[in-house]
Amino acid sequence: MDSIGVGGPTQTLPVALTAAVAAGSVPAAGAVVCGGCAGGGVWVADADVRGLGDEELTARLGVIGRAESSLAAMKAAALSEIARRHDTAAAEHAARAQLAASGRSARSDVKLGLALDSLDVTREGLASGVIPGAHAKLIARAAGEGPIDEKHLASVAQQQGYDQFRRTVQRHQADQAADDGKSLLERQRENRSGRVFTSSETGMTVLNAQFDPVIGVQIAAVVAAAERDLYRDEDPDNRPSHHQRTADAIAKLLLEPSAAGRRRGGTTLLIVADYDAVGQGLANARLADGSPVPISELAQLACDAQILPAIFDRATGDLCMGRMCRFATDAQRAALALRDQGCIGCAKSPIYCEAHHIVPWEIGGRTDLANLVLVCNRCHHHIHDDGWQVHRRHATGNYELRPPTRSPPEPTTARTDARGAAPASKR
Ligand SMILES: [Zn+2]
């Protein structure tokens, strides 16, 4: 295992400090956090971050991420060992007592520890820092739900961000189940739950519910439509926050259902499917955010919702309107939802997104698919007000938003040594 880190003067420390942490002799507020096993591992030295340039600062975050993964692997191993010696209740109790974990995260951590016992590739990837903890949890959950190709998922986990990987796992589960995602959807339906309660902490009423993706996307579409209604009626100089508007929309839908009923007609549910030329039928149906939908669900959905039928050929599906119209057509929006699967900045569902011209319309930009990307309201502001820019990744062809690079502040004190920062770029 590589020994990587930030902070030159302490490069001989990892082994000793790993041992010290294992022994509990390093105080929580100590200068160094270690992950990995004795003899190596990922380590991060304390540093005055005000003295770091942008690149060093982001590289440092990468190293911290790898150290967190390593620590997550050690935590999982320890909890699983306690559960093996005693039982899961004892392991959860230890997590609550020693990690100050909530009951919920203690259960989730112990579950991960037990699942990783039989997922060798994922466990090793987590320990060496190349698979992030959240990705490992997705793999572990999928493994608990049905057959998976662990090697494949563990390798993809090292290359994809969280949102993309979540969709990859969903699609993979549907493929592996060999029943077009039917059993997966049934399991998700069984896991629906909801509750309404008053928080003892704040006195506020909390609605908490989870639905399968097919019901979920319909609810999200109705809420998004109600939000757009509210947005239209707002005083532009005195707008509520996005979360406040979502709360207002839900309250309106629940308390004034007649107004909500009128809205439903204007709600479009986007389902995308490939045309299988050999089988002469639709295949690989999915919601705009990539969640798989069994083909058998399509007919039923078509009765309940206004579905925008659109089949795209990935190779030739570049829909061009040129300078004929400024705003994206419905078909282009559908194609964008399929291509970008949500906001290219923050992965928000396509329901909440608008089409943005990469080369602005005002200076001759065309309303062609190649000049459009999906962004949410917030990220759209980042582009127009804060100078964020659209980039296309060469490797995947995916679009992403990047903040403007600013010149680093004048260095003050100790700087990171370049040797430590380099491995982070692999993450
Ligand atoms: Zn966004």
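Parameters at a glance
- Residues numbered from 1 in each chain as written.
- Predicted model: local features only at pLDDT ≥ 70, side-chain atom pairs only at ≥ 80, totals over all residues.
- Heavy atoms only, no water.
- Helix = DSSP H or I, 4+ residues; strand = E, 2+ residues; numbered from the N terminus.
- Buried < 20%, exposed > 50% of the residue type's maximum accessible area, 1.4 Å probe, protein only.
- Contact = heavy atoms within 4.5 Å.
- Areas by Shrake-Rupley, 256 points an atom, 1.4 Å probe, with all protein chains shown as cover.
- Patch = residues over 30% accessible without salt bridge, like charges linked within 9 Å, V, L, I, M, F, W, Y side chains within 5 Å.
- Salt bridge = Lys/Arg side-chain N within 4 Å of Asp/Glu carboxyl O.
- Lys, Arg positive; Asp, Glu negative; His and termini not counted.
- Charge placed at Lys NZ, Arg CZ, Asp CG, Glu CD.
- Phe/Tyr/Trp six-rings, centres within 6.5 Å; stacked < 30°, edge-to-face > 60°.
- Lys NZ or Arg CZ within 6 Å of the ring centre and 35° of its normal.
- Donors = N, O, S within 2.8 Å, 3.2 Å for Na, K, Ca; no water.
- Tetrahedral: all angles 85-135°; square planar, octahedral: opposite > 155°, others 65-115°.
- Core = buried A, V, L, I, M, F, W, Y, C linked by side-chain atoms within 4.5 Å.
- Pairing = 2+ DSSP bridges.
- Axes fitted to C-alpha atoms, helices over the stretch in contact; angles between N-to-C directions.
- Parallel < 35°, antiparallel > 145°, perpendicular 65-115°, else oblique.
- Left-handed = near helix turned anticlockwise from the far one by under 90°.
- Nonpolar A, V, L, I, M, F, W, Y, C, P; charged D, E, K, R; others polar.

**Structural notes on the overall build of the chain**
What the chain contains, in helices and strands, is 16 helices and 13 strands. Across the 427 residues in the chain, those meeting the buried criterion constitute 39%. In the chain, the share of contacts with a sequence separation of at least 24, taken over all contacts with a separation of at least 6, comes to 57%. With the model as given, the accessible surface of the chain reaches about 24,100 Å², and the carbon-plus-sulfur share is 54%.

**Quick notes on unusual backbone geometry**
Negative phi values dominate among residues other than glycine, just as trans dominates among peptide bonds. A positive phi angle is found at Gln-341, which is not glycine, with a value near 60°. In this structure, Gln-341 sits in the loop between helix H14 (330–340) and strand E10 (353–357). For Gln-341, a relative accessible area of 19% corresponds to the buried category. In this structure, Ala-347 is a non-glycine residue whose phi angle is positive, near 70°.

**Let's talk about a positive patch on the surface**
A cluster of like positive charges, contributed by Arg-96, Arg-104, Arg-107 and Arg-195, occupies part of the molecular surface. Looking at the secondary structure, you find Arg-104 in helix H4 (residues 103–116). A residue is classified by how much of its surface remains accessible, and Arg-104, at 67% relative accessible area, is exposed.

**A short note on the packing of aromatic side chains**
A complete count under the given rule lists zero aromatic pairs for this structure. The positively charged end of Arg-195 is found above the aromatic ring belonging to Phe-197, 4.1 Å away from the centroid.

**Here's the deal with the environment of Ala-47**
The residue Ala-47 is located in the loop between strand E3 (41–45) and helix H2 (54–85) in this model. As a C-alpha pair, Ala-47 and Arg-60 span 13 residues in sequence and 9.7 Å in three-dimensional space.

**Re the coordination of the zinc ion**
Looking at the metal site, the zinc ion is ligated by Cys-343 (SG), Cys-346 (SG), Cys-376 (SG) and Cys-379 (SG), spaced 2.3 Å from it. Because the angles between the four donor atoms bound to the zinc ion fall within 100 to 118°, the donor set is best described as tetrahedral.

**A short note on the nonpolar core**
Leu-116, Leu-126, Ile-139, Leu-153, Phe-165 and Val-169 are the most contacted members of the largest nonpolar core, which totals 20 residues. Per element, the largest residue contribution to this core is five residues, and it comes from helix H6 (residues 133–145). If near-sequence neighbours (up to four positions away) are discounted, Val-169 is found in contact with Leu-138, Ala-142 and Leu-153. Counting residues in hydrophobic clusters, the runner-up holds 16 residues, among them Ala-335, Leu-372, Val-373 and Leu-401.

**A short note on the pattern of salt bridges**
Taken as a whole and assessed by the stated rule, the structure comprises 16 salt bridges. Among the ionic pairs, Asp-109 bridges to Lys-75, the shortest N-O distance being 3.1 Å. Placement of the pair is Asp-109 in helix H4 and Lys-75 in helix H2, with a sequence separation of 34 residues. You can call Lys-75 partly exposed: its relative accessible area is 31%. Taking the shortest distance from any N to any O, the salt bridge between Glu-234 and Arg-239 comes out at 2.7 Å. The class for Glu-234 is buried, based on a relative accessible area of 15%. When salt bridges with common partners are traced through the structure, they connect Lys-75, Asp-109 and Lys-137 into a single cluster.

**Digging into the side chain of Asp-340**
Relative to the helices and strands, Asp-340 is located in helix H14. Each residue touching Asp-340, except ones within four places of it in the same chain, is listed here: Val-373, Leu-374 and Tyr-399.

**Structural notes on the pairing of strand E12 (residues 389–392)**
Inspection of the sheet shows E12 paired to strand E13 (residues 399–402) by four bridges, in the antiparallel sense. Bridged to Arg-392 within E13 is Tyr-399. As consecutive antiparallel partners, E12 and E13 are separated by six residues, and within that stretch Gly-397 has a phi angle of approximately 80°, a positive value.

**Examining a nonpolar patch on the surface**
On the surface, Val-196, Leu-207, Leu-254 and Leu-255 cluster together into a nonpolar patch covering about 460 Å² of accessible area. Relative to the assigned elements, Val-196 resides in strand E4 (residues 193–198). Looking at Val-196, the relative accessible area reads 63%, which means it is exposed.

**What to know about the packing of helix H7 (residues 150–157) against helix H8 (residues 162–177)**
Two elements in contact, H7 and H8, have axes separated by 10 Å at closest approach and are oriented at 165°. In terms of their interaxial angle, H7 and H8 are classed as roughly antiparallel. The element H7 and its partner H8 pack so that their crossing is right-handed. Packed against H7, whose contacting residues are His-152, Leu-153, Val-156 and Ala-157, the element H8 presents Phe-165, Thr-168, Val-169 and His-172 at the interface. In terms of residue class, the contact of H7 with H8 is made up of five nonpolar, three polar and no charged.

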